[in-house]
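Architecture and fold: a report
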Amino acid sequence: PQPLSSSVMGQAESAPQADPNQQMFGCCEARGKGPQMQTKEPASRLCGVGVGLDSHLLAAGRGAVITCLARGGPAERDNSVRIGDALVYVDELDVRELMNNPNSGKYDVSRGVSTVLANGLLGEAGTTVKLGLIRQGENGIIYKELKRAPLPHGCQWISSSTDN
């Protein structure tokens, strides 16, 4: 699948990115630069929670690992999502099932696994998304509800706890 650019998925294109292999499932304005994301809603109304995912792992079907957070975004402000967490649920979307069996017919993967994941993470500002996370060193799945919101204009992406 074609990687999503941060200029399409978020407002961070002017900020340095931690890793060129991450996908920014951030927010709100498609600015007409790069490939256009095909989603359920018009791009101008889409917002996210400000997480970046490793696109190489996604493309290889090996998982959705959070590699960065948007400074000031919902995930960073809430302080419950951490870099290194594995994203295993987005609302009712089972990310592991999507990765392990994309052609099961349960999900429309005609535009790629990344698009299915983006459609789950993105939505209108103020709507809630429930994330299921697996964190190294902790047992079970951690569930967290976050409200989607626009990212601060020109926000920076935090790639480790030392970036605070």
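Source: prediction; values computed, not measured. (Residues numbered from 1 in each chain as written. Predicted model: local features only at pLDDT ≥ 70, side-chain atom pairs only at ≥ 80, totals over all residues. Heavy atoms only, no water.)

1. Re the sheet that holds strand β7 (residues 142–147)
Ordered by their spatial adjacency, 4 strands build an open sheet running β5-β4-β6-β7, and the pairing between neighbours is antiparallel. In the strand order of this sheet, the two ends are held by β5 (93–94) and β7, each with one partner. As judged from the 6 bridges shared by strand β6 (residues 128–134) and β7, these two strands associate in the antiparallel manner. Its bridge partner lying in β7, valine 129 is registered against leucine 146. Contacting β4 (86–90), β5 and β6, helix α5 (residues 113–121) crosses the sheet at an angle of about 65° to β4. (Pairing = 2+ DSSP bridges. Helix = DSSP H or I, 4+ residues; strand = E, 2+ residues; numbered from the N terminus. Contact = heavy atoms within 4.5 Å. Axes fitted to C-alpha atoms, helices over the stretch in contact; angles between N-to-C directions.)

2. Re the packing of aromatic side chains
Within the structure shown, the criterion is met by 1 aromatic pair. Of note, lysine 130 hangs over the ring of tyrosine 143, and the distance from its end group to the ring centre comes to 4.9 Å. (Phe/Tyr/Trp six-rings, centres within 6.5 Å; stacked < 30°, edge-to-face > 60°. Lys NZ or Arg CZ within 6 Å of the ring centre and 35° of its normal.)

3. Observations concerning α5
With 8 of its 9 residues buried, α5 lies for the most part within the structure. Residues of α5 that are buried include every one of Val113, Ser114, Thr115, Val116, Leu117, Ala118, Gly120 and Leu121, and no others. (Buried < 20%, exposed > 50% of the residue type's maximum accessible area, 1.4 Å probe, protein only.)

4. Some words on the environment of leucine 53
Along the chain, leucine 53 turns up in strand β2 (residues 51–54). Look at leucine 53 and you get buried, because its relative accessible area is 0%. Along the sequence, leucine 53 and isoleucine 66 sit 13 residues apart, while their C-alpha atoms lie 4.7 Å from each other.

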